[in-house]
Amino acid sequence: MNSILDSKVPSGPLAEKWDQHKFDTRLVNPSNKRKYEIIVVGTGLAGASAAATLSELGYKVHVYTYADSPRRAHSIAAQGGINAAKNYQNDGDSVFRLFYDTIKGGDYRSREANTYRLAQVSVDIIDQCTAQGVPFAREYGGLLANRSFGGAQVSRTFYARGQTGQQLLLGAYQALARQIAQGSVTLHTRSEMLELVVKDGRAAGIVTRDLLSGDITSHSAHAVVLATGGYANVFYLSTNAMACNTTAAWRAHRKGAYFANPCYTQIHPTCIPASDEFQSKLTLMSESLRNDGRIWVPAKPHDDRPPGQIPEDERDYYLERKYPAFGNLVPRDVASRNAKIVVDAGHGVGPLHNGVYLDFADAIARDGVETIRAKYGNLFEMYERITGENPYEVPMRIYPASHYTMGGLWVDYNLMTTIPGLYALG
Ligand SMILES: Cc1cc2nc3c(=O)[nH]c(=O)nc-3n(C[C@H](O)[C@H](O)[C@H](O)COP(=O)(O)OP(=O)(O)OC[C@H]3O[C@@H](n4cnc5c(N)ncnc54)[C@H](O)[C@@H]3O)c2cc1C
């Protein structure tokens, strides 16, 4: 195991590192690829697409998930969309701008080389997903449509209504299913990874438990890929399902893989507030809603009037007031922090005074109810089912909750952990 953290970032100018690295990396010829077996744990967007791609490259792949189908991975819950620097809108976007926004959104702490590569490959990922049949939203003329996410002044988010994760996962699952049918991927469902096997300092396989029979078996491979999701459930209020239990990453950590930056947890600003003190799961209302919704609270603390009775000049659109350049599309941490500040100061709305308003009245008046329904219909429906309030008529209530984790098993530029042969993705 490496005891010194070496990120193995290639030398050379930022924009050329990835191309140069691909060229410098030794290739494996097609007949040799067949001799290598790779274990992938997890079938979310990261695991399913990695397994399908590795198999398509010619490696023999074994995939494990504790769910009964790859489609049960929590990626299915993703709503708002996926960012890519396509610049379809011709609004000033570029690979460098996506890189810059991501670095800035990460408070200048992300590893620049990896972030630049993310911005570069974002463009190809959209093409790959489209080729896999993901039905991204389209403009009237047939081109892919875009909207904005927080922290961006351009429109670069590709989406499928409020169900982007579901559609992406179906695409990745189809690609995986094709490889399973061809016999180069073996899928093991209801199989929980119990342990990482390390031999002579290298990852050599995993131990699994069959969740139906209880049988415990071990499996060897030349490389092990963990794509097992995040750990946001360590917080009481979270948007993650109970099954997101971070057991695999934790077990690898116990075997010596370094765990980095667990404090880097994203608190998402737009979740439906808790309706009592015992509720631990909060439902996400997609980030994309901040494209059209305006966030406000009553300017006067402890103002219990219904929202419709609070006149414009007695409302505080605090994000638009404090951050005029980004308005309601400030980065998630800024939106979350400010929501907590106003709620703590007594401006909270709703029965428990634990939310802020996200108001679509102006957008509906401007674009018409059908346009808003086409963009967010399923989210509005979900909101109404949970709260009993109709967001076409009264503002939504939202509040932050822990949602997404950026820490996890430490990886180098090649996504390898500190245990050689063990990779972490997603
Ligand atoms: C409500 C919600 C909305 C989101 N919206 C967006 C969005 O709009 N845009 C965006 O970019 N991101 C969004 N995200 C974040 C994004 O969905 C996730 O970052 C991403 O889907 C994670 O994918 P993954 O493959 O890493 O993990 P997951 O999809 O969580 O998959 C983990 C896999 O690992 C398996 N697994 C875990 N532990 C074990 C074990 N011990 N043994 C066997 N198998 C195991 C699970 O069965 C599962 O198959 C959202 C997240 C949530 C929760």
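Details of the structure are given in the entry above.
Just so we're clear, the structure is a prediction, and the values are computed from it rather than from any experiment.

Draft legend 1. Structural view of the overall build of the protein. When helices and strands are tallied, the protein shows 11 helices and 17 strands. For 426 residues, the compact-globule estimate of 2.2 N^0.38 gives 22 Å, and the protein sits close to it at 23 Å. Each principal axis of the C-alpha distribution contributes one length, and for the protein these read about 70 × 50 × 40 Å. Residue burial in the protein is summarised as follows: out of 426 residues, 47% are buried. For the protein, the proportion of contacts with a sequence separation of at least 24, taken over those separated by at least 6, is 67%. On the protein, roughly 20,800 Å² of surface is accessible, and the fraction owed to carbon and sulfur atoms is 54%.

Draft legend 2. Seen up close, the nonpolar core. Formed by 26 residues in total, the largest nonpolar core has its most connected members in Leu289, Tyr318, Val356 and Met396. Those elements giving two or more residues to this core turn out to be strand 12 (294-298), helix 8 (318-322), helix 9 (332-347), strand 14 (356-359), helix 10 (361-367), helix 11 (369-387) and strand 15 (396-405). Sequence-distant contacts of Leu289, defined by excluding residues within four places in its chain, comprise Leu358, Phe360, Tyr376, Leu379, Phe380 and Met396.

Draft legend 3. Inspection of the packing of aromatic side chains at higher detail. The tally for this structure, following the rule as stated, stands at 13 aromatic pairs. Centre to centre, the rings of Phe136 and Phe158 are 6.2 Å apart; their planes meet at 65°, and the pair counts as edge-to-face. Here Phe136, found in the loop between helix 5 (112-131) and strand 4 (157-158), pairs with Phe158, found in strand 4; they are 22 residues apart in sequence, far enough to count as distant. Taking the relative accessible area as the measure of exposure, Phe158 reaches 1% and is therefore buried. Centroid distance Phe380 to Tyr392: 4.6 Å. Interplanar angle 55°. Geometry classified as tilted. Of this pair, Phe380 sits in helix 11 while Tyr392 sits in the loop between helix 11 and strand 15, placing them 12 residues apart in sequence. The buried category is assigned to Phe380, whose relative accessible area is 1%. Here a set of aromatic residues connected by ring pairs shows up, and it is made of Phe360, Tyr376, Phe380 and Tyr392. Across the ring face of Tyr317, the terminal group of Arg294 is positioned such that the distance to the ring centre comes to 3.9 Å.

Draft legend 4. Seen up close, the site of the ligand. For the ligand, the set of nearby residues contains 31 residues, the closest of which are Thr65, Ser75, Gly80, Gly81 and Met193. Within the side chain of Thr65, an N or O atom sits 2.8 Å from an oxygen atom of the ligand. When the ligand is considered free in solution it has 1,000 Å² of accessible area, and contact with the protein chains removes 86% of it. Mapped by element, the contributors of at least two residues to the shell around the ligand are helix 3 (45-57), strand 6 (191-199), helix 7 (247-254) and strand 15. Top contributing element to the shell around the ligand by residue count: strand 6, with three residues. Class assignment for the residues of the shell around the ligand results in 13 nonpolar, 17 polar and one charged.

Draft legend 5. Inspection of the environment of Pro273 at higher detail. The residue Pro273 is located in the loop between strand 11 (265-271) and strand 12 in this model. Residue classification places Pro273 among the buried positions, given a relative accessible area of 6%. With residues near it in sequence (within four places) discarded, Pro273 still touches Leu282, Asn354, Gly355, Arg397, Ile398 and Tyr399.

Draft legend 6. Highlighting the pairing of strand 6. Relative to strand 7 (residues 202-210), strand 6 is paired through eight bridges, and the arrangement is antiparallel. Among the inter-strand pairings, Lys199 is bridged to a residue of strand 7, identified as Arg202. The turn joining strand 6 and strand 7, which pair antiparallel and follow one another in sequence, is formed by two residues; a positive phi near 50° is taken by Asp200.

About the thresholds
- Residues numbered from 1 in each chain as written.
- Predicted model: local features only at pLDDT ≥ 70, side-chain atom pairs only at ≥ 80, totals over all residues.
- Heavy atoms only, no water.
- Helix = DSSP H or I, 4+ residues; strand = E, 2+ residues; numbered from the N terminus.
- Rg over C-alpha atoms; globule rule 2.2 N^0.38 Å.
- Buried < 20%, exposed > 50% of the residue type's maximum accessible area, 1.4 Å probe, protein only.
- Contact = heavy atoms within 4.5 Å.
- Areas by Shrake-Rupley, 256 points an atom, 1.4 Å probe, with all protein chains shown as cover.
- Core = buried A, V, L, I, M, F, W, Y, C linked by side-chain atoms within 4.5 Å.
- Phe/Tyr/Trp six-rings, centres within 6.5 Å; stacked < 30°, edge-to-face > 60°.
- Lys NZ or Arg CZ within 6 Å of the ring centre and 35° of its normal.
- Near = heavy atom within 4 Å.
- Polar contact = N/O pair within 3.5 Å; in protein donor to acceptor, adjacent residues only side chain to side chain.
- Nonpolar A, V, L, I, M, F, W, Y, C, P; charged D, E, K, R; others polar.
- Pairing = 2+ DSSP bridges.

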